[in-house]
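Descriptive structure summary
Spelled out from the first residue to the last, the chains are:
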Amino acid sequence: PEEFLAERTVQQVRAACRDDGVWSWPLLKQEHAALPLPLRALFALLLPYRSYLLLLAVRLPLALALALGVLPAAGLLLVTQLALGARFRGTFNGGSDYMTVVVLLGLTLASTGRPLLAKAGLGYVCVQLVLSYFLAGTGKLLKPAWRNGEALSRLLSSNRYGTPDWLKRWSAHRAVALPFALAVLLFECGFPLALLGPAWALGLGGL
């Protein structure tokens, strides 16, 4: 069932991006009338349906190149990420898309070879990463459902993340869900400890 739902979701997103879908280029380009001409021309090149599919395809080799240490690939990936944001009128996957932009922006600055810009870019990524975990943790901490394990149990029992059936059954028990929920709260609220030094950062990153 999870594989079927995943395939169905992919089909629905593809249909929504076609020229007769809710994210169709003919409809979207009407919203760009007030943009500067160079930006409109760039979007007209990158965002029609077939170009959009090609844009998705080139992201994979660029991501592999970046993973292998080819830092200039970060700038190209940043352009594609911003174009995808324009295609969906904002972020499609919420916080993960936002953090992707943050990381790519920092790596793009680092790829300039200028030490000051590199430090500024990586420092920006660091601050945003720490804040994202800390604010998420404090937000959860204020909710009783997270403090008693109920929220984690509900999250794992949904089909959103393809949770295995055995884990769904286990997480339905409060005695199992509660310690894991508290561990999530402790990890996220304590993430600023990563700023104490490399060992703390490596330990928290490993978790």
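Procedures and definitions
- Residues numbered from 1 in each chain as written.
- Predicted model: local features only at pLDDT ≥ 70, side-chain atom pairs only at ≥ 80, totals over all residues.
- Heavy atoms only, no water.
- Helix = DSSP H or I, 4+ residues; strand = E, 2+ residues; numbered from the N terminus.
- Buried < 20%, exposed > 50% of the residue type's maximum accessible area, 1.4 Å probe, protein only.
- Contact = heavy atoms within 4.5 Å.
- Areas by Shrake-Rupley, 256 points an atom, 1.4 Å probe, with all protein chains shown as cover.
- Lys, Arg positive; Asp, Glu negative; His and termini not counted.
- Charge placed at Lys NZ, Arg CZ, Asp CG, Glu CD.
- Axes fitted to C-alpha atoms, helices over the stretch in contact; angles between N-to-C directions.
- Parallel < 35°, antiparallel > 145°, perpendicular 65-115°, else oblique.
- Left-handed = near helix turned anticlockwise from the far one by under 90°.
- Salt bridge = Lys/Arg side-chain N within 4 Å of Asp/Glu carboxyl O.

What follows is about the overall build of the protein chain. Tallying secondary structure elements over the protein chain gives 12 helices and 0 strands in all. Secondary structure of the protein chain in N-to-C order comes out as α-α-α-α-α-α-α-α-α-α-α-α. Considering only C-alpha atoms, the protein chain reaches an extent of 60 × 50 × 35 Å along its principal axes. Counting across all 207 residues of the protein chain, residues that qualify as buried make up 29%. The contacts in the protein chain between residues at least 6 apart in sequence include a share of 54% that link residues at least 24 apart. A total accessible area of about 13,300 Å² is found for the protein chain, and carbon and sulfur atoms account for 70% of it. Taken as two groups, the 19 positive and 10 negative side-chain charges of the protein chain have centres that lie 7 Å from each other.

Before going further, it helps to examine the packing of helix α7 (residues 115-141) against helix α11 (residues 174-189). Packing of α7 against α11 leaves a shortest axis separation of 7 Å and a crossing angle of 140 degrees. If you check the angle between α7 and α11, you find them oblique. α7 and α11 meet at a crossing whose hand is left-handed. On α11, the residues touching Y133, F134, A136, G137, T138, K140 and L141 of α7 are V184, L185, F187, E188 and C189.

We now examine the side chain of R59. Along the chain, the position of R59 falls in helix α4 (residues 49-67). Buried within the structure, R59 lacks any salt-bridge partner; its nearest side chain of opposite charge belongs to D97, at an N-O separation of 6.6 Å. Those residues in contact with R59 that sit more than four places away from it in its chain are L77, T80, Q81 and L84.

Here P61 lies in helix α4. A residue is classified by how much of its surface remains accessible, and P61, at 46% relative accessible area, is partly exposed. Measuring from C-alpha to C-alpha, the distance between P61 and A73 comes to 9.2 Å, with 12 residues separating the pair along the chain.

From the geometry alone we can't say anything about function, so treat these as descriptive.
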